[in-house]
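# Structural overview
Spelled out, the chains give:
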Amino acid sequence: GQQLNQSPQSMFIQEGEDVSMNCTSSSIFNTWLWYKQDPGEGPVLLIALYKAGELTSNGRLTAQFGITRKDSFLNISASIPSDVGIYFCAGQVSDSWGKLQFGAGTQVVVTP
Amino acid sequence: DTGVSQDPRHKITKRGQNVTFRCDPISEHNRLYWYRQTLGQGPEFLTYFQNEAQLEKSRLLSDRFSAERPKGSFSTLEIQRTEQGDSAMYLCASSPQLATYNEQFFGPGTRLTVL
């Protein structure tokens, strides 16, 4: 089952608004990744974070690796219709090289 | 297309039948992963290969499931005696072998429906 707590579960926003979502874990992670998934497709990597406190941007997306290494957030600024989709956080624990643990996802709906 | 590819994209089968899925990773990536995703959930890890060696398997991978990567390139995931609970999206991902980083790139998935 899921070991990451991702919130909110869904968001309905107007075009142009900012979006914020976060993930928390009881485990310490050494990597946080954020993905976006469209219906019927595989997840697409958006941002990767590798150091506690790291703040990384990719266009209108900004993500941070929490200082405690147990949390991360993703912000989307000035949302546009193509931001619609499900966003997943994923973390990797230090003693399991291959395995990513995923949150349950945040569904984002953007209305004009 | 230089991304991860999976075949087939969709598979419908009857309970009790065997199915096999194929994954072709990004060509320079020597790590390959299989995940399973059910509706409304994030992907769940199944197994992981580095080259041809299967290094980790989840408890989700029952004895009806077997994965191979015989030449360290493409991989297959076989499910024997399928059950309705096996219905899910099966995702493959690959990543390069770098000591520090583990960016996994996913394929489009194979949607399995067991009737």
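In case you missed it, the structure is sitting above this.
Treat the numbers as computed from the prediction; the structure is a model and nothing was measured. Residue positions within a chain follow its written sequence, with the count starting from 1. Working convention: letters from A go to chains and numbers from 1 go to ligands, in the order in which they are written. The model is predicted, so local features are restricted to residues of pLDDT at least 70 and side-chain atom pairs to those at 80 or more, both for listing and for counting; the totals for chains, interfaces and linings are taken over all residues. Each side-chain value is worked out from all heavy atoms of the structure, with water and hydrogens disregarded.

Before going further, it helps to examine the side chain of T31 of chain A. All names here are of chain A. Mapped onto the elements, T31 comes out in strand β4 (residues 29–37). Each residue is assigned to one of three classes by its accessible area relative to the maximum for its type, calculated with a 1.4 Å probe on protein chains only: buried under 20%, partly exposed between the two thresholds, exposed over 50%. T31 sits in the buried class, given a relative accessible area of 2%. A polar side-chain atom of T31 sits 3.4 Å from a polar atom in the side chain of N30. Residues are treated as being in contact if the distance between any of their heavy atoms lies within 4.5 Å. Apart from residues lying up to four places away in sequence, T31 is in contact with L49, Y50, F65, A90, G91 and Q92. Put simply, DSSP marks the helices as runs of H or I at least four residues long and the strands as runs of E at least two long, and each gets a number from the N terminus on. Under the rule applied, a polar contact is a pair of N or O atoms within 3.5 Å (in protein, one hydrogen donor and one hydrogen acceptor; residues adjacent in sequence only if both atoms are side-chain atoms).

By disulfide we mean two sulfur atoms from cysteines, separated by a distance within 2.5 Å. Using the criterion set out here, one finds two disulfides over all chains in the structure. Here C23 of chain A engages in a disulfide with C89 of chain A; their sulfurs sit 1.7 Å apart. The disulfide joining C23 of chain A to C89 of chain A has a torsion of about -85° about its S-S bond and is therefore left-handed. Of the two residues, C23 of chain A is situated in strand β3 (residues 19–25) and C89 of chain A in strand β9 (residues 85–93); the sequence distance between them amounts to 66 residues. Of the residues examined, C23 of chain A reaches a relative accessible area of 0% and is grouped as buried. The disulfide that involves C23 of chain B links it to C92 of chain B, with 1.8 Å between the sulfurs. Taking the sign of the S-S torsion, -65° for the link of C23 of chain B and C92 of chain B, the bridge is left-handed.

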